[in-house]
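Given next are the chains, with one letter for each unit.
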Amino acid sequence: MYQPTRRSILRTTLAGGALWAALGCARANEDPPTAQPKAAPKPKTPALKKAVKYAMVGGAGTVREKFDLVRECGFEGVELDSPLEIDRAAVVEASKASGVAVHGVIDSVHWQTRFSDPDPRTRESALKALLGAIADAKTYGASTVLVVPGAVRDAEKENFQQVWERSQAEIKKAIPAARAAGVRIAVEVVWNDFLTTPEQLVKYVDEFEDPAVGAYFDCSNMIKYGVAPAEWIQKLGPRLLKVDFKGFSKAKGWVPIGEGDEDWPAVLTALAEVGYTGWLTAEVEAGGRDHLRDVARRMDAILQRP
């Protein structure tokens, strides 16, 4: 079980002190009873960029046509899977021509070929896939590679501690390649029963002791585990590299963006507080022009954009 460190306790103490100091200043500067009440300050809104997973762009079309459609529907970036049967030169050209950035790459074999697998040959294959994703990210000019470190399944072969140790050992081997490529490895937590609290994810990332490894946070995935997304963001702080965007309801399951249990105003405030100014990437089912426009419209409504 995770135990708080002196550093985490100090961070919490300092944060609490700053909060109380701020409250004291606010009370000291309150207007007298006869003064006109001031308008409530608008909540902080971070500078964020909308993106989609490339796999969401449904229908036929060339790479260039799909990038143009992404731009037409109001998105600034995409994330591509790796490995992927695609003309990488065409991706680079389409990105330049459309102005749609490839901001990230997804190591898409992490479920079947896991860093935490009991078989060392499978772990070796997982590392090879990660190195390939890093190479793709360099080609595209992407800044991150998304990885799921493992899954707690068979308690005798792949328990929590084994997943922790095995996955860290393999990911560490990829850090030199990530540094050389100018790419960061972004660890995402999903429904894999591993790293199910923000404290665990913070500790897992910090143990690498290298800025080449950070966190990729999905606001909807973590609702299942009972801690509010905003609290995750606040605790991840500068470790937060990227954010996924979708909708989840405890009563209904996966729902369209904006119809789930996410407290989006609290999420946006938390992102602003930790200084996050990066990408928000939609991760929903694939579709054509009308579907993608609807996704963009739903994201804009949450972001309070016209």
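What you are looking at is a predicted structure, and each value in this text was computed from that prediction instead of being measured.

Conventions and cut-offs
Numbering of residues starts from 1 in every chain and runs along the sequence as written. Thresholds applied to this predicted model are a pLDDT of at least 70 for local features of residues and 80 or more for the giving and counting of side-chain atom pairs; totals over whole chains, interfaces and linings are not thresholded and use all residues. Excluding hydrogens and water, the side-chain figures rest on all heavy atoms present in the structure. Only DSSP runs of H or I with at least four residues qualify as helices, and only runs of E with at least two residues qualify as strands; both kinds are numbered from the N terminus onward. For each residue, the accessible area found with a 1.4 Å probe, counting protein chains only, is set against the maximum for its type, and the residue is called buried under 20%, exposed over 50%, and partly exposed in between. When charges are counted, neither His nor the chain ends are considered; positive counts come from Lys and Arg and negative counts from Asp and Glu. The salt bridge definition used is simple: a Lys or Arg side-chain nitrogen within 4 Å of an Asp or Glu carboxyl oxygen. N or O atoms closer than or at 3.5 Å make up a polar contact, with two conditions inside protein: a donor-capable atom paired with an acceptor-capable one, and, for residues adjacent in sequence, both atoms drawn from side chains. The contact definition used throughout considers only heavy atoms, calling two residues in contact when any of these lie within 4.5 Å. For our purposes a nonpolar core is just a set of buried Ala, Val, Leu, Ile, Met, Phe, Trp, Tyr and Cys residues, chained together by side-chain atoms within 4.5 Å. Two strands form a pair only when DSSP identifies at least two bridges running between them. Convention adopted: a line fitted to C-alpha atoms gives each axis, helices being fitted over their contacting stretch, and angles between N-to-C directions are expressed from 0 to 180 degrees. Aromatic contacts are taken between Phe, Tyr and Trp rings whose centres are within 6.5 Å, Trp giving its six-membered ring; a plane angle under 30 degrees counts as stacked, one over 60 as edge-to-face, and the others as tilted. In this analysis the charged atom, NZ for Lys or CZ for Arg, is taken to sit over a ring once it is within 6 Å of the ring centre and within 35 degrees of the ring normal. Viewed with both strands pointing away, a crossover whose connecting path from the first strand over the helix to the second turns clockwise is right-handed. Roughly parallel means an angle under 35 degrees; roughly antiparallel means over 145; roughly perpendicular covers 65 to 115; every other angle is labelled oblique. Each residue is assigned to one of three groups, with Ala, Val, Leu, Ile, Met, Phe, Trp, Tyr, Cys and Pro labelled nonpolar, Asp, Glu, Lys and Arg labelled charged, and all others, Gly among them, labelled polar. Left-handed describes a crossing whose near helix is turned anticlockwise from the far helix by less than a right angle; the clockwise case is right-handed. pLDDT measures how confident the predictor is about each residue, on a scale from 0 to 100. Here a helix's expected span is defined as the number of its residues, less one, multiplied by 1.5 Å.

Caption draft 1: The side chain of Lys242, seen in detail. Positionally, Lys242 belongs in strand β7 (residues 240-245). Glu79 provides the closest opposite charge to the buried, salt-bridge-free Lys242, at an N-O distance of 5.1 Å. Among the polar contacts made by the side chain of Lys242, one reaches the main-chain carbonyl oxygen of His103 at a distance of 2.9 Å. Reaching out from Lys242, the side chain makes a polar contact with the side chain of Thr144 at a distance of 2.6 Å. Apart from residues no more than four positions distant in its own chain, Lys242 is found in contact with His103, Gly104, Ser143, Thr144, Ala215, Tyr216, Phe217, Tyr276 and Trp279.

Caption draft 2: A look at the nonpolar core. Formed by 79 residues in total, the largest nonpolar core has its most connected members in Phe67, Phe75, Val145, Ile185, Leu201 and Leu271. Apart from the residues lying within four places of it in its own chain, the contact partners of Leu201 are Val187, Val189, Leu195, Ala215, Trp232 and Leu236.

Caption draft 3: Quick peek at the sheet that holds strand β10 (residues 279-282). Here we have 8 strands rolled up into a closed barrel, ordered β1-β2-β3-β4-β5-β6-β7-β10, and parallel in their pairing. Averaged over all pairs of adjacent strands, the angle between strand axes in this sheet comes to 30°, irrespective of strand direction. Where strand β3 (residues 101-107) meets strand β4 (residues 144-147), 3 bridges bridge the pair, whose relative direction is parallel. Its bridge partner lying in β4, Gly104 is registered against Thr144. Helix α7 (residues 229-236) rests against β6 (213-218) and β7 of the sheet, and its axis sits at about 170° to β6.

Caption draft 4: Quick peek at the packing of aromatic side chains. Counted under the stated rule, the structure contains 12 aromatic pairs. Residues Phe160 and Trp164 carry aromatic rings whose centres are separated by 5.9 Å and whose planes lie at 40° to one another, so their mutual orientation is tilted. Pair noted here: Phe160 and Trp164 are both in helix α5 (residues 160-181), with a separation of 4 residues, about one helical turn. What makes Trp164 buried here is its relative accessible area of 8%. Summarising the aromatic geometry, the rings of Trp191 and Phe248 are spaced 5.4 Å apart at their centres and angled 80° between planes, so their arrangement reads as edge-to-face. Remark: Phe248 occurs in strand β8 (residues 248-249) and Trp191 occurs in the loop between β5 (184-188) and α6 (198-206); sequence separation between them is 57 residues. Judged by its relative accessible area of 9%, Phe248 falls in the buried class. A cation over a ring is seen here: Lys50 above Phe75, with NZ or CZ 5.7 Å from the ring centre.

Caption draft 5: View of the pairing of β4. Burial along β4 is two-sided: the residues Thr144 and Leu146 and Val145 and Val147 are all buried. Read from β4 through α5 to β5, the crossover connection turns out right-handed.

Caption draft 6: How the structure looks around the environment of Gln234. One can find Gln234 in helix α7. Taking relative accessible area as the criterion, Gln234 reaches 43% and is therefore assigned partly exposed. When the C-alpha positions of Gln234 and Pro198 are compared, they lie 9.1 Å apart, and in sequence the two are 36 residues distant. Once you skip the residues sitting within four places of it in the chain, Gln234 turns out to touch Ala270, Glu273 and Val274. A polar contact is formed between the side chain of Gln234 and the side chain of Glu273, at a distance of 3.4 Å.

Caption draft 7: Quick look at the pairing of β5. In terms of residue burial, β5 counts as a mostly covered element, since 4 of its 5 residues are buried. Sheet topology note: the β4/β5 ladder contains 4 bridges and is parallel. By the bridge assignment, Thr144 is partnered in β5 with Arg184. This β-α-β element, β5 to α6 to β6, shows right-handed connectivity.

Caption draft 8: Representation of the packing of helix α3 (residues 88-98) against helix α4 (residues 120-140) within the structure. Contact geometry for α3 and α4: axes closest at 9 Å, N-to-C directions at 40°. Comparing their axes, α4 and α3 come out oblique. Residues Arg88, Val91 and Val92 of α3 form the contact with α4, whose participating residues are Asp136, Thr139 and Tyr140. Looking at the contact of α3 with α4 residue by residue, the class counts come to 3 nonpolar, 1 polar and 2 charged.

Caption draft 9: Structural context of the packing of helix α2 (residues 63-72) against α3. Here α2 crosses α3 at 35°, and the two axes come no closer than 9 Å. Viewed along their axes, α2 and α3 form a crossing whose handedness is right-handed. Where α2 approaches α3, its residues Val63, Arg64, Phe67, Asp68 and Arg71 are matched on the opposing element by Ala90, Val91, Ala94, Ser95, Ala97 and Ser98. Taken together, the residues that form the contact of α2 with α3 break down as 6 nonpolar, 2 polar and 3 charged.

Caption draft 10: Looking closely at the confidence of the model for the chain. For the chain, per-residue confidence averages 88 on the pLDDT scale, and residues scoring 70 or more make up 85% of the total. The low-confidence segment residues 1-37 (pLDDT under 50) makes 9 contacts with residues lying over four places distant or belonging to another chain.

Caption draft 11: View of α4. Here α4 spans 30 Å end to end across 21 residues, near enough to the 30 Å set by a 1.5 Å rise per residue. The complete set of buried residues in α4 reads Thr122, Arg123, Ala126, Leu127, Ala129, Leu130, Ala133, Ile134, Asp136, Ala137 and Tyr140. For α4, the secondary structure elements touched by its buried residues are β2 (77-82), α3, β3, β4, α5 and β5. With a side-chain oxygen positioned 2.9 Å from the backbone nitrogen of Arg121, the residue opening α4 is Asp119. Phi for Gly141, located one or two positions after α4, is positive at around 80°.

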